[in-house]
Amino acid sequence: MGTIKDYIRGKKIDSTPIWFMRQAGRYLPEFREIRSKNSNFINLCLNPSLSKEISIQPLKRFNLDALIIFSDILFIPYALGQFVEFEKNFGPKLGELNYKNILTKSDEEISLKLNPIYELIKLISKDAILNNKDLIGFTGATWTIMVYMLNKKSPKKKIDENIFNYPHQDDLIRKIIQAQKIHIKNQVESGASLIQIFDSWAGLLDEDKIEKYIYQPTKEIVQFTKKLGVEVICFPRNIKNYRKYCEIVNPSAISIDYTIDPKKIAESINLPIQGGMDPKYLLLDKNDMLKNAKKYLEIFKNHKYIFNLGHGVLPETKPENVKILVDYVKDFK
Ligand code: 1CP
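Because the structure is a prediction, the values reported are computed rather than measured. For every chain, the first residue of its written sequence is number 1, and the numbers climb from 1 along that sequence. Whole-chain, interface and lining totals are the exception, using all residues; otherwise, since this is a predicted model, local features are given only for residues with pLDDT of at least 70 and side-chain atom pairs are given and counted only at 80 or more. The side-chain quantities take in all heavy atoms of the structure and omit both hydrogens and water.

Remarks on the site of the ligand
At step 1: Think of it this way: one heavy atom of a residue within 4 Å of a molecule or strand is enough to make that residue near it. For the ligand, the set of nearby residues contains 22 residues, the closest of which are Arg22, Arg35, Tyr148, Ser154 and Ser200.
At step 2: The term polar contact refers here to a pair of N or O atoms within 3.5 Å; inside protein, the definition further demands a hydrogen-donor-capable atom paired with an acceptor-capable atom, and it admits residues adjacent in sequence only when both atoms are side-chain atoms. Measuring from an oxygen atom of the ligand, one finds a side-chain N or O atom of histidine 311 at 2.8 Å.

Looking at the packing of helix α4 (residues 48-61) against helix α8 (residues 115-125)
At step 1: It is at 9 Å that the axes of α4 and α8 come closest, and there the two elements cross at 55°. When the axis of α4 is compared with that of α8, the two are oblique. Viewed along their axes, α4 and α8 form a crossing whose handedness is right-handed. For the pair α4 and α8, contact is made by Pro48, Ser49, Ser51, Lys52 and Ser55 and by Pro116, Glu119, Leu120, Leu123 and Ile124, respectively.
At step 2: Partitioned by chemical class, the residues of the contact of α4 with α8 number 5 nonpolar, 3 polar and 2 charged. To obtain an axis, a line is fitted to C-alpha atoms, over the contacting stretch when the element is a helix, and the angle between two such axes runs from 0 to 180 degrees between their N-to-C directions. Secondary structure follows DSSP: runs of H or I at least 4 residues long count as helices, runs of E at least 2 residues long count as strands, and numbering of each begins at the N terminus. Here is the rule for angles: anything less than 35 degrees is roughly parallel, anything more than 145 is roughly antiparallel, 65 through 115 is roughly perpendicular, and the remaining ranges are oblique. Each crossing is labelled by how the near helix is turned from the far one, with a counterclockwise turn of less than a right angle marking it left-handed and a clockwise turn marking it right-handed. In this analysis, two residues are considered to be in contact whenever any of their non-hydrogen atoms come within 4.5 Å of each other. The nonpolar class holds Ala, Val, Leu, Ile, Met, Phe, Trp, Tyr, Cys and Pro. Asp, Glu, Lys and Arg form the charged class, and all remaining residues, Gly among them, are polar.

Here we look at the environment of phenylalanine 300
At step 1: Within the secondary structure layout, phenylalanine 300 lies in the loop between α14 (286-299) and β9 (305-306).
At step 2: Only protein chains enter the accessibility calculation, which uses a 1.4 Å probe. A residue is then buried if its area is under 20% of the maximum for its type, exposed if over 50%, and partly exposed in between. The class for phenylalanine 300 is buried, based on a relative accessible area of 2%.
At step 3: Note: C-alpha distance between phenylalanine 300 and isoleucine 273 (27 residues apart in sequence) is 8.4 Å.
At step 4: Every residue in contact with phenylalanine 300, bar those within four places of it in the chain, is listed here: Ile256, Pro262, Ala266, Ile273 and Tyr305.

Some thoughts on the sheet that holds strand β7 (residues 253-256)
At step 1: Here a strand pair is declared whenever DSSP counts at least two bridges between the two strands. Spatially, 7 strands are ordered β1-β4-β5-β6-β7-β8-β9 in an open sheet, and the strand pairing comes out parallel. On the outer flanks of this sheet lie β1 (66-68) and β9, each paired with one strand and no other.
At step 2: Where β1 lies against strand β4 (residues 134-140), 3 bridges are found, and the strand directions are parallel. Along β4, the bridge assignment pairs alanine 66 with aspartate 134.
At step 3: Packing of helix α12 (residues 242-249) onto the sheet brings it into contact with β6 (231-236) and β7, and relative to β7 it is tilted by some 155°.

Structural notes on the pattern of salt bridges
At step 1: Salt bridge, as used here: a side-chain nitrogen of Lys or Arg that lies within 4 Å of a carboxyl oxygen of Asp or Glu. Counted under the stated rule, the structure contains 15 salt bridges.
At step 2: Linking glutamate 220 and arginine 174 is a salt bridge whose minimum nitrogen-to-oxygen distance equals 2.9 Å. One end of the pair, glutamate 220, is in helix α11 (residues 207-227); the other, arginine 174, is in helix α10 (residues 169-190), with 46 residues separating them in the sequence.
At step 3: The class of glutamate 220 is partly exposed, set by a relative accessible area of 22%.
At step 4: Among the residues examined, arginine 174 registers a relative accessible area of 46% and is labelled partly exposed.
At step 5: Residues arginine 243 and glutamate 247 are paired through a salt bridge, measuring 3.2 Å at the closest nitrogen-oxygen approach. Of this pair, arginine 243 and glutamate 247 both sit in helix α12, 4 residues apart, which is roughly one turn of that helix.
At step 6: Judged by its relative accessible area of 45%, arginine 243 is partly exposed.
At step 7: Judged by its relative accessible area of 55%, glutamate 247 falls in the exposed class.
At step 8: It is possible to trace a salt-bridge network through shared partners that takes in Arg174, Lys181 and Glu220.

As for the pairing of strand β2 (residues 84-87)
Two faces, one strand: in a regular strand the side chains alternate between the faces of the sheet.
At step 1: When β2 meets strand β3 (residues 91-94), the two strands line up antiparallel, connected through 4 bridges. Bridged to glutamate 87 within β3 is glycine 91.
At step 2: Between β2 and the antiparallel strand that follows it, β3, lie 3 residues; asparagine 89 among them carries a positive phi value of about 60°.

What follows is the structure in structure tokens.
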């Protein structure tokens, strides 16, 4: 027995640790029930008793090793005073970016606006369900947050080049980093044992810009987080060169997406690896799903590996399949 944090630090454990990105969410009827009564997503996240219930839901059903808080990466723009809303069938919609106003935000103001998230973490950390499991806090990476702040909606498959011409971008980047740091620190002080950094749009950036927008800020955040005494997992989704990313950013563990060849990654990276399996396999029949899970478990047999997916659980996933997968991974020897 042991937590993912201990495992990353070298402790032996009996079975492959497992949790899922988006393990709390629309594929669970009990989530949809709460969601249907709470149309405002931001308010739902900022209601600690409801967001606690949602965060815990997957652990009531499945033998998972970690709980990720029910929150969102767009709480950084929200804390910096940019308007954020989630529109049904559209996704996030952000308001005008008032850069002068954003630059005035102090650590205290940011902490105050995000305080319900810290209350949520404190509530969860007192719950018996967390016994010997990790409580994962998170933030978006600087680049991904900047993309949402300037693009004001999902970039989907392409970055609008105007982002790079934004005149105050260096100040904006520093401000995002400040907010990320205070948000991570507050989450750790409230009880988070692991931090995951989601760089969902890392794969959209050209090689010549990665140093400035991804490596440097993420390296700074990783160093900061490690100094707080917790481990940090990075997920630079679809990045072209995971090896170089690991060499420069040096996270505690690296989460891989499903486009990447797990064999090549296992051979080229020494850090603990997380994830990889395509979430679409959970939509297939049981045998195909487990065959694919086995592939990952075999490839990483001699590598420190945390089972997860290559992106979030899809809304059309059957909870029964999640249970079958979790039990299979926990029993795999
Ligand atoms: O019910 C709904 O309509 C809300 C859907 C939803 C949910 C369940 C959103 C809106 N956010 C969340 C929760 C969420 N977001 C979690 C909860 C914990 C868990 O994983 O169980 C986490 C970790 C996130 C992180 C997040 N938000 C990311 C990074 C991970 C990823 O998916 O790449 C991103 C990009 C966001 C922005 C966001 N928030 C919500 C949506 C639909 C999106 C993505 C929109 C887009 O494609 O740009």
